[in-house]
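# Remarks on the overall topology
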Amino acid sequence: MSAPAPSRISVLAFGAFGVGTSGYIVAGLLPALTGELHVSATAAAQLVTAFAIAYAIGSPLFAAATGTWERRTLLVAALAVTGAGNLFAALAPGYGSLLVARVVTAVGAAVFTPAASAVAAELTAPERRGRAVALVFGGLTVALIFGVPLGSLISQHLGYRPAFALVAAFSLVSALAVRFALPKVAAPPRVGLAERFAAGRDPRVLVMLATTVLACLAAFMVYTFVSPLLAATAGVHGTTVTVLLFCYGVGGAIGNFAGGRATDRWGSRAPLLVVTVAITAVMALLPLTTVTPVAAGVSLFVWGLATWSFNPPVQHRLIELSPGHAGLVLSLNASAIYLGVGLSGVVGGAVLASGGPLLLPEVAAALTLVALLLVGSAWGRVREPREQVAVG
């Protein structure tokens, strides 16, 4: 007998936790990586870039290649690849092989996240779809609450390798959970790669994808280098940074679910405008609001709250714009997320090298201001079609 719908979505969120920890953990491991690999913080951050660029490129390519796979089988395979990539990272002998391991991990994540979001939408009534997608992405925010701080704590005492090994084990457990708790979900009709990108030719879809890139670039160029930022503003290191990352994650989890509920109640436009204004303000003020450990904890909580309220209205808007091809536009959005994350390592590293950590949030605020202008100026009217949501 299959589990009830809320339990099914929870299993998908469980898998998203493993995938999310895989993607975000480098921020918590940055001091250990620089020390054990004898590389600079900017070089270590390229592990984020390698993961993110592989994800951004791989998401539509692998979505097309696996378009006819039964969805449960696809999700299990994706989590297995994610686990294998993390195991490879734990065993990698040097920086170069660790970069390769991050690419392998990204392939699994690139397949899992958009497929899980689309399956969640398919298994849920339209009026609750925002909350269902938010629950899946809740697994990503829980990764920020527990996964990244736990990885940071482990790396301080045991090094970065055991942290990757633990994520590998969790990813494989998640694969088993999905296999036995999720029902079979039929694949949609085959869709070629050209048609997948055709879904992004709608100018309104392109605006949302550009907004996603800018917002994720802004958020992760600061998050990836949060350790040097907090060292410069509040003079904190080690365990204190772990606690502050936990504060960010708690805010992110609350923001993710609040964003889903707000979207279900008011639609996508108003929540997205309010959230983008809030992110811009929080970013601009970070150098002034993180000068003590307590103030930094509050600031990172609010920052996480605002940042993770962003995705539910974006995903809801994309499903509004292309309800018959939800999986297609969500995979493009996943690529946009990780394109922004990938650029964050490069742009953030350049800002850190040229202007120091205090300049990072100011540049990020400028980027989210551009995102705000895009959202405010290019919102078209949406007809309410009655098409069935596709899961591929």
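Residues numbered from 1 in each chain as written. Predicted model: local features only at pLDDT ≥ 70, side-chain atom pairs only at ≥ 80, totals over all residues. Heavy atoms only, no water.

Going by what an unreviewed UniProt entry lists, the protein chain is known as MFS transporter and is assigned to Amycolatopsis rifamycinica. Note on the protein chain: under the UniProt heading Subcellular location (unreviewed entry), the record states "Cell membrane". (UniProt positions renumbered as here; feature names shortened; annotations may be inferred.)

Helix and strand content of the protein chain: 15 helices and zero strands. Buried residues in the protein chain amount to 60% of all 392 residues. Across the protein chain, the fraction of contacts at a sequence separation of at least 24, relative to all contacts at a separation of at least 6, is 87%. For the protein chain, the accessible surface area stands at approximately 14400 Å², while carbon and sulfur atoms represent 71% of it. (Helix = DSSP H or I, 4+ residues; strand = E, 2+ residues; numbered from the N terminus. Buried < 20%, exposed > 50% of the residue type's maximum accessible area, 1.4 Å probe, protein only. Contact = heavy atoms within 4.5 Å. Areas by Shrake-Rupley, 256 points an atom, 1.4 Å probe, with all protein chains shown as cover.)

With that settled, the discussion passes to helix 13 (residues 311-321). Note that an α-helix has 3.6 residues per turn; residues three or four places apart therefore point the same way. Burial analysis of helix 13 places 11 of its 11 residues in the buried class, which makes it a mostly covered element. When we look at burial in helix 13, the residues that qualify are Asn311, Pro312, Pro313, Val314, Gln315, His316, Arg317, Leu318, Ile319, Glu320 and Leu321.

What follows deals with empty space enclosed by the protein. Counting across every chain of the model gives four cavities of 30 Å³ or more. Here the largest cavity defines a volume of roughly 210 Å³. Lining the largest cavity are 17 residues, and of these Cys216, Phe220, Trp308, Asn311 and Ile337 sit closest to its centre. Elements with a minimum of two residues in the lining of the largest cavity: helix 5 (129-158), helix 8 (203-223) and helix 14 (326-355). Ranked by residue count, the leading element in the lining of the largest cavity is helix 8, at five residues. Of the domains in this structure, domain 1 (1-190) and domain 2 (194-382) are the two that each give at least three residues to the lining of the largest cavity. (1 Å grid on protein atoms, 1.4 Å probe; cavity = no way out; pocket = protein on both sides within 12 Å on 5 of 7 lines; lining within 4 Å. Points joined across faces, edges and corners; volume = space filled by probe spheres on them. Domains from an automatic or database assignment.)

The backbone of His38 sits at a positive phi, close to 60°, despite the residue not being glycine. With respect to the secondary-structure elements, His38 resides in the loop between helix 1 (5-37) and helix 2 (41-65). Assessed through its relative accessible area of 71%, His38 is described here as exposed.

Glancing now at the packing of aromatic side chains. Across all of its chains, the model carries 11 aromatic pairs by this definition. Where Tyr160 meets Phe164, the ring centres are 6.1 Å apart and the plane angle is 85°; that geometry is what we call edge-to-face. In this pair, Tyr160 and Phe164 both sit in helix 6 (residues 160-181), four residues apart, roughly one turn of the helix. Both residues of the pair, Tyr160 and Phe164, belong to the buried class. Both rings, one in Tyr223 and one in Trp303, keep their centres 6.4 Å apart while their planes meet at 65°; by these two values the pair is edge-to-face. Of the two residues, Tyr223 sits in helix 8 while Trp303 sits in helix 12 (residues 293-307), which places them 80 residues apart along the sequence. Take Tyr223 and Trp303: they sit in the same class, and that class is buried. Of the aromatic side chains, those joined through ring pairs into one cluster are Tyr24, Phe220, Tyr223, Tyr248, Trp303 and Trp308. (Phe/Tyr/Trp six-rings, centres within 6.5 Å; stacked < 30°, edge-to-face > 60°.)

Enumeration over the complete set of coordinates arrives at one salt bridge. Among the salt bridges present, the one from Glu320 reaches Arg317, with a minimum N-O distance of 3.8 Å. Of the two residues, Glu320 and Arg317 both sit in helix 13, three residues apart, roughly one turn of that helix. Each member of the pair, Glu320 together with Arg317, is buried. (Salt bridge = Lys/Arg side-chain N within 4 Å of Asp/Glu carboxyl O.)

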